[in-house]
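# Observations on the model geometry
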Amino acid sequence: MGKRITVLGAGAWGTAFGQVLADAGNAVTMWAKEPEIVEGIRDHHHNGVRLPSVEKLPENMTATGDRAEAVKDADIIVVAIAAQFARVALVEFKDLIPGDAIVVSLMKGIERGTSKRMDEVVREALDLPADRFAAISGPNLSKEIADRQPAATVVACVNIDHARTVAEACTTSYFKAFVSTDVIGLEMCGSLKNVVALAVGMARGAGYGENTAAMIETRGLAELTALGQAAGADPKTFAGLAGVGDLIATCGSPLSRNYTFGSNLGKGLSVEEATKVSNGVAEGVPTTDAVVALGDELGVPTPLAYAMSRVLSEGLSCKEMLAQLFGGDITEE
Ligand SMILES: NC(=O)C1=CN([C@@H]2O[C@H](COP(=O)(O)OP(=O)(O)OC[C@H]3O[C@@H](n4cnc5c(N)ncnc54)[C@H](OP(=O)(O)O)[C@@H]3O)[C@@H](O)[C@H]2O)C=CC1
Ligand SMILES: O=C(CO)COP(=O)(O)O
């Protein structure tokens, strides 16, 4: 039997994932703060602001702007809010969440200022035990999933039965979920690949080809694996859908906001100009500095994140960013 599932945040991915949940037979309620989005989904089954490509969202999907109404009786609560605003948005729900609900994060970012992963932020904001938190991450470009193209993801929870419950709730004929207990690995993969996508996009925008892109992706994967392992992740996770899989999808598609943001930088736009033309949140931008800070904290070198941090704060060109990556001693790969 379907579950009652609430999605907090009706952005592109929140709405597309809401459609997956509705297609899987659940009763889905979207919560959004913008009245225009709430009315669009509730009254017209359309999110013209964040996911205009879907003409008609499923009938078993509604929306509200009322926090208590949104989460009352929910079996599963999915959080799809821009990562830097997750804490401030979630504290408002702290006393409203049912005591047995599983809370699932779709977010891919590290909190600036604290260098905390989204599992830490969500659990702190909601005072949630670890076994009621799950992360979802994988190669999941929202527009393709909204078009119901075949795709897969990973659901991680320290309680594998809860991971299975969430995986079952989002399984459809076109969407497949695998399960894992490596929450830290999933969080690190999803957040750090966005920084790599910025760099690959930048190289592509500057006109460089496959070798340069492959170098950045592979060295980026090594960097995020080392940092993830130091944070307590299982290295196997980085070779799976949430790691290599998401890196391939995000670094290879103009549908990715991070790739596109980087590409615009590579074409010569400033950070401000690239932000202005960005269609939705490019999580890698605020996450880059958080990755550098986390690397410093854990004693893991993060040359790619450091170079991208200089791009974002000092306006380094693509050529200068790559020159920085080429500096340093000769080491084993
Ligand atoms: N798009 C994709 O393909 C994928 C995205 N993700 C991740 O999912 C997360 C959400 O992405 P996506 O939906 O695409 O992003 P969008 O940019 O489309 O939407 C961002 C969402 O965050 C909400 N938000 C921002 N600030 C606040 C706030 N202060 N309080 C409440 N809500 C707020 C926005 O609400 P409002 O519209 O009212 O401003 C909107 O619902 C990100 O972490 C992203 O990395 C993961 C996989 C795929
Ligand atoms: O995470 C994503 C695909 O898996 C989406 O990437 P962007 O946030 O860069 O659009």
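Residues numbered from 1 in each chain as written. Chains lettered and ligands numbered in written order. Predicted model: local features only at pLDDT ≥ 70, side-chain atom pairs only at ≥ 80, totals over all residues. Heavy atoms only, no water.

### Description of the side chain of Thr 302
Using the following cut-off: The numbering of helices and of strands both runs from the N terminus, where a helix is a DSSP run of H or I of at least 4 residues and a strand a run of E of at least 2. Note on classification: 1.4 Å probe, protein chains only; a residue is buried when its accessible area is under 20% of the maximum for its type, exposed when over 50%, partly exposed between these limits.
Note that Thr 302 resides in the loop between helix 13 (284-298) and helix 14 (303-314). By relative accessible area, Thr 302 is classed as buried at 7%.

### What about the environment of Gly 9?
What counts here: Any two residues having at least one pair of non-hydrogen atoms within 4.5 Å are treated as being in contact.
Within the secondary structure, Gly 9 is located in the loop between strand 1 (4-8) and helix 1 (12-23). Placed 69 residues apart in sequence, Gly 9 and Val 78 show a C-alpha to C-alpha distance of 8.6 Å. Beyond its immediate sequence surroundings of up to four residues, Gly 9 is in contact with Gly 14, Met 30, Trp 31, Ala 80 and Ile 81.

### Description of the site of ligand 1
This is how the line gets drawn: Whether a residue is near a molecule or strand depends on its heavy atoms: if one lies within 4 Å, it is near. Using a 1.4 Å probe, accessible areas were evaluated by the Shrake-Rupley method; residue-level cover was limited to the displayed protein chains. Polar here means any residue outside two lists: the nonpolar Ala, Val, Leu, Ile, Met, Phe, Trp, Tyr, Cys and Pro, and the charged Asp, Glu, Lys and Arg; Gly therefore counts as polar.
Taken together, 25 residues surround ligand 1, and among them Ala 12, Glu 34, Ser 142, Val 281 and Glu 283 come closest. Relative to its unbound accessible surface of 890 Å², ligand 1 loses 89% to contact with the protein. Per element, the largest residue contribution to the shell around ligand 1 is three residues, and it comes from helix 1. Class assignment for the residues of the shell around ligand 1 results in 13 nonpolar, six polar and six charged.

### Description of the nonpolar core
Heads up, the rule is: Throughout, nonpolar core names a set of buried Ala, Val, Leu, Ile, Met, Phe, Trp, Tyr and Cys residues whose side chains join them through atoms within 4.5 Å. Here the bounds of each domain stem from an automatic or database domain assignment.
One finds Leu 8, Phe 261 and Met 321 to be the most contacted residues of the largest nonpolar core, which totals 73 residues. Top contributing element to this core by residue count: helix 8 (residues 183-205), with 13 residues. Each of domain 1 (4-181) and domain 2 (191-326) gives at least three residues to this core. Residues contacting Phe 261, with those up to four places away along its chain left out, are Leu 198, Val 271, Ala 274, Thr 275, Ser 278, Ala 282, Val 285 and Leu 312. With 42 residues, the next largest nonpolar core counts Ala 10, Val 54, Ala 63 and Ala 146 among its residues.

### With respect to the UniProt feature "binding site: substrate" (unreviewed entry) in the chain
Convention followed: UniProt positions are given in the numbering used here, feature names are shortened, and annotations may be inferred rather than shown by experiment. Buriedness of a pocket was judged along seven lines, with at least five required to meet protein on both sides within 12 Å; pockets are open sets of points on a 1 Å grid over the protein atoms alone, cavities are sets where a 1.4 Å probe fits but cannot get out, and lining residues have an atom within 4 Å of a point.
Taking the numbering used here, the UniProt-annotated feature "binding site: substrate" (unreviewed entry) corresponds to Lys 108, Arg 257 and Asn 258. With the annotated positions falling across 151 residues, the maximum pairwise C-alpha distance of 12.3 Å places them together in a single cluster. Among the annotated residues just listed, those that line the second largest cavity are Lys 108. Along the polypeptide, Arg 257 turns up in helix 11 (residues 257-266). Not counting chain neighbours up to four residues away, the residues in contact with Arg 257 comprise Ala 12, Asn 279, Gly 280, Val 281 and Ala 282. Within the fold, Asn 258 resides in helix 11. The exposure class of Asn 258 is buried, given its relative accessible area of 6%. Discounting residues that sit within four places of it in the chain, Asn 258 has contacts with Asn 194, Ala 197, Leu 198, Ala 282, Glu 283, Gly 284 and Val 285.

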